[in-house]
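Spelled out from the first residue to the last, the chains are:
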Amino acid sequence: MRIEALSQGKAAGQLRHDLRRGRQPGYVDPERSADNRILIPPPTAAELRRRTVERRQRLGPSRALRSNAAIAARGIITFGTSAQALLAAQPSETQD
């Protein structure tokens with residue numbers, strides 16, 4: 001697993017990528033995109049920034065948040081080919 005800190009701009013771009021909004025890379029199979037599901041609706045980048053500012057304020061007085069400050073972390077969990085076959089055999093509800 002890999003974790004990366006994201007600024008507000010990068011978080012917004014990552015959300016667009018994750019939700020497959022806009023032009024798609026050539027490796028994306030458009031016929032399978034309909035199978036994508038959102039299990040937990042993600043917050044917007046603006047909401048993440050608001051939460052970050054709120055949490056900092058709870059800790060006491062602090063300087064303003066920089067425009068490129070990290071407000072989110074992203075990560076990915078992948079499955080090997082044997083797990084993919086196992087998951088593909090399950091109904092959508094079980095996969096979720």
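What counts and how
Residues numbered from 1 in each chain as written. Predicted model: local features only at pLDDT ≥ 70, side-chain atom pairs only at ≥ 80, totals over all residues. Heavy atoms only, no water. Helix = DSSP H or I, 4+ residues; strand = E, 2+ residues; numbered from the N terminus. Rg over C-alpha atoms; globule rule 2.2 N^0.38 Å. Buried < 20%, exposed > 50% of the residue type's maximum accessible area, 1.4 Å probe, protein only. Contact = heavy atoms within 4.5 Å. Areas by Shrake-Rupley, 256 points an atom, 1.4 Å probe, with all protein chains shown as cover. Lys, Arg positive; Asp, Glu negative; His and termini not counted. Charge placed at Lys NZ, Arg CZ, Asp CG, Glu CD. Axes fitted to C-alpha atoms, helices over the stretch in contact; angles between N-to-C directions. Parallel < 35°, antiparallel > 145°, perpendicular 65-115°, else oblique. Left-handed = near helix turned anticlockwise from the far one by under 90°. Nonpolar A, V, L, I, M, F, W, Y, C, P; charged D, E, K, R; others polar. Core = buried A, V, L, I, M, F, W, Y, C linked by side-chain atoms within 4.5 Å. Salt bridge = Lys/Arg side-chain N within 4 Å of Asp/Glu carboxyl O.

**Student:** Is there a simple way to explain the overall build of the protein in this structure?
**Tutor:** Secondary structure assignment for the protein yields 4 helices and 2 strands. Taken from N to C terminus, the helices and strands of the protein fall in the order β-α-α-β-α-α. For the protein, the C-alpha radius of gyration of 17 Å lies well beyond 12 Å, the compact-globule estimate for 96 residues. Each principal axis of the C-alpha distribution contributes one length, and for the protein these read about 55 × 30 × 20 Å. Residues classed as buried in the protein amount to 15% of the 96 residues present. Within the protein, residue pairs in contact and separated by at least 24 positions form 65% of the contacts whose partners lie at least 6 positions apart. Put simply, the protein shows about 8000 Å² of open surface, and 53% of that area lies on carbon and sulfur atoms. Between the averaged position of the 17 positive side-chain charges in the protein and that of its 9 negative side-chain charges there is a distance of 14 Å.

**Student:** What exactly am I supposed to notice about the packing of helix H1 (residues 8-18) against helix H2 (residues 45-58) here?
**Tutor:** How two helices sit against one another is set out by the angle between their axes and by the gap between those axes. At a closest axis distance of 8 Å, the pairing of H1 and H2 adopts a crossing angle of 140°. On the basis of their axis angle, the class for H1 and H2 is oblique. By crossing handedness, the relation of H1 to H2 is classed as right-handed. Only Ala-45, Ala-46, Leu-48 and Arg-49 of H2 make contact with H1, whose side of the interface consists of Gln-8, Ala-11 and Ala-12. Class assignment of the residues belonging to the contact of H1 with H2 gives a composition of 5 nonpolar, 1 polar and 1 charged.

**Student:** What is the right way to look at the nonpolar core in this model?
**Tutor:** Leu-6, Ala-11, Ala-45, Leu-48, Leu-65, Ala-69, Ile-71 and Ala-72 form the largest nonpolar core, which has 8 residues in total. Not counting residues within four places of it along the chain, the set of residues in contact with Ala-11 comprises Leu-6, Ala-45, Leu-48, Ile-71 and Ala-72.

**Student:** Is there a simple way to think about the side chain of Arg-49 in this case?
**Tutor:** Mapped onto the fold, Arg-49 is located in helix H2. Here Arg-49 occupies a buried position and makes no salt bridge, while the nearest side chain of opposite charge, Glu-47, is found at 12 Å. Apart from the residues within four sequence positions on either side, Arg-49 is in contact with Gln-8, Leu-65, Arg-66, Ser-67 and Ile-71.

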